[in-house]
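Coordinate inspection notes
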Amino acid sequence: MDPRASSLTRRSLLGLAAAAAAAAAVPGCGAGESVPAPIRTTGRPDVLARAIDAYIFGYPMILLDMMRAASGPTNSFDHSVLPDPDDRGVARLSHDMVYSQAWLDLAEEPMVLQIPGMEPDRFWLIQLVDGFANTVHDLTSKTPRTTVDADGPPFTYVLTGSQWTGALPANMTRLHMPSTMCTIVARVQINGIGDAPTVNQWQQKMKLIPLSAWNRGELDATVSRVHPIDRGPEPPTKRIAALDGKTYLNRLCRLMLADPPAAADAPLMRQLAAIGVQPGGVVDSQAAEILDEAVRQAQRRIADWTDPTARAVNGWQIPIDLGTFGTDYLRRAATTKRSPALAPLRDVLYADRDAPATDDRGNPLRYRIRFEPGRWPPVDAFASITAYDPQGFLVPNPDAIYSVGHYPAPVRAPDGSVELAVQHQDPRPAVPTGNWLPIPATGDFSLTLRLYAPREEALDGKWEPPPMTLVD
């Protein structure tokens, strides 16, 4: 097929890469605002308190459902192309990986997923995410996690829903999902815009086929589209923010029929059932003003959450747990709002930091990040640093440089050290192109350092990212 052909236009494609662009747009969630103490209603049950808990509990499910509704048909692939700063619909996109996504409905039968082979040094990552944004399975080019005696690619998996029983064809690895609705999020390494045709060919070789069709030998039955990431003005977080309490909670009740809560959620679900929040339930008997107040307070809690367990290292914030959340519902909601389906740390280690682009007088600031000899990020794939504006979008610049560290490769000094220039003004030729990361001319910016396939010394904290220092 034509790699740009698609029946979709301006869709919310691949928001799982980072669909939290509108966090600042949630009413009442501005930076620096004081957060009022929760209001508790009287009587039994405490409707307000339980509605707040229900909102936080259900946020990932509502977000993913909105994204699913704005995407292509179920059981088919959407493949993206490289983003640019004009892509305003989703936030904190990586510029070193190209995304693919599929929304699955496993109610009727399993789906076969086949991952083709590629160059040994090209990294890919496949996540299978449940309806509550937990990563149930993660597969990578380094650790494909097959359970059969496979000599190598292609790697073939069968994705089964919670109720399915039956025999599998030979040489397949079964990946059980706890619900009938789930999502595939795939990433594949791209080495600059000129590498796009090669990546697209790999994407088009991915197979996603109903098991019955596979058994009939219909191996070309995959449905897929390739098109740009959505540039629409209203990401799912804005649409969620506009929902009133009854609409939100009733939608959650409907969704839990197909995606039932986990066994560990039972204590909370017993409390929520007292106000009607349960699979197939309704909250129509509850006062609308109380439910709407619950929405406001829950939104504040989600927006104001900071990770109490993150490691603070040289100005960077490094989470110590991603991918699965257990019963930490506030962590799950806040993390999903910022960037749904962040990869488990064993696959991608993230480090974030914020900084101003100018001083108090409006003068541009110049920064440097110096990796001492032998202290480049320890990875089995690659590492990169991406710059974002205050809303989490890529920083416009005439040279279209959005990340540094991967492609083009940075130039090392004779002693093996690597120094990166982080500044708005072009420092070339004194600084090689591969060592310069442009930032905005004014305002604030943020950086995300990503280590793909991090080694143990990065995961256990023996390796630390260096500080970002000002240049006089």
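Refer to the structure above for everything that follows.
Treat the numbers as computed from the prediction; the structure is a model and nothing was measured.

Once that is clear, we can look at the sheet that holds strand E10 (residues 224-226). Pairing within the open sheet is mixed, and its six strands lie in the order E5-E4-E8-E2-E1-E10. Across the chains shown, the open sheet's two edge strands, defined by having one partner strand only, are strand E5 (135-140) and E10. Neighbour-to-neighbour, the strand axes of the sheet open up by a mean angle of 15 degrees, direction not taken into account. Pairing of strand E1 (residues 77-79) with strand E2 (residues 97-105), which is carried by three bridges, proceeds in the antiparallel orientation. For histidine 79, the partnering residue across the bridge sits in E2 and is serine 100. Its contacts with the sheet put helix H2 (residues 196-205) on E1, E2, strand E4 (124-129), strand E8 (181-189) and E10, and the angle it makes with E2 is roughly 15 degrees.

Take helix H5 (residues 245-258) next. Taken together, the buried positions of H5 are occupied by Gly245, Tyr248, Leu249, Asn250, Arg251, Leu252, Cys253, Leu255 and Met256. On the buried face of H5, the contacting elements are helix H1 (47-69), helix H4 (236-241), helix H6 (266-272) and helix H7 (288-304).

Bringing the sheet that holds strand E20 (residues 468-470) into the picture now. Note on sheets: strands pair through backbone hydrogen bonds, and any given pair is parallel or antiparallel. Strand order in the open sheet formed by four strands is E18-E17-E14-E20, with mixed pairing between adjacent strands. For this open sheet the edge positions go to strand E18 (436-437) and E20, each flanked by a neighbour on one side alone. When strand E14 (residues 367-371) meets E20, the two strands line up antiparallel, connected through three bridges. Paired with arginine 368 across the strands is threonine 469, a residue of E20.

Before going further, it helps to examine unusual backbone geometry. Omega for the peptide link from tyrosine 407 to proline 408 comes to -5 degrees, which places this bond in the cis form. With respect to the helices, strands and loops of the structure, proline 408 is situated in the loop between strand E16 (403-404) and strand E17 (418-422). The residue after arginine 428, namely proline 429, is reached through a cis peptide bond having omega 10 degrees. By the secondary structure assignment, proline 429 is in the loop between E17 and E18. If you check the backbone angles, alanine 341 has positive phi at about 60 degrees while not being a glycine. Along the polypeptide, alanine 341 turns up in the loop between helix H8 (329-338) and strand E13 (348-356). Its identity as a non-glycine residue notwithstanding, alanine 400 has a phi of 55 degrees, on the positive side.

Before going further, it helps to examine the pattern of salt bridges. One pass over the full model with this rule turns up 21 salt bridges. Aspartate 352 is the partner of arginine 338 in a salt bridge, and the nearest nitrogen-oxygen pair spans 4.0 Å. In this pair, arginine 338 is assigned in helix H8 and aspartate 352 in strand E13, connecting sequence segments 14 residues apart. Notably, a salt bridge pairs arginine 370 with aspartate 415, separated by 3.5 Å at the nearest N-O pair. Here arginine 370 is found in strand E14, whereas its partner aspartate 415 is found in the loop between E16 and E17, with 45 residues between them in sequence.

Rules behind the numbers
Residues numbered from 1 in each chain as written. Predicted model: local features only at pLDDT ≥ 70, side-chain atom pairs only at ≥ 80, totals over all residues. Heavy atoms only, no water. Pairing = 2+ DSSP bridges. Helix = DSSP H or I, 4+ residues; strand = E, 2+ residues; numbered from the N terminus. Axes fitted to C-alpha atoms, helices over the stretch in contact; angles between N-to-C directions. Contact = heavy atoms within 4.5 Å. Buried < 20%, exposed > 50% of the residue type's maximum accessible area, 1.4 Å probe, protein only. Salt bridge = Lys/Arg side-chain N within 4 Å of Asp/Glu carboxyl O.

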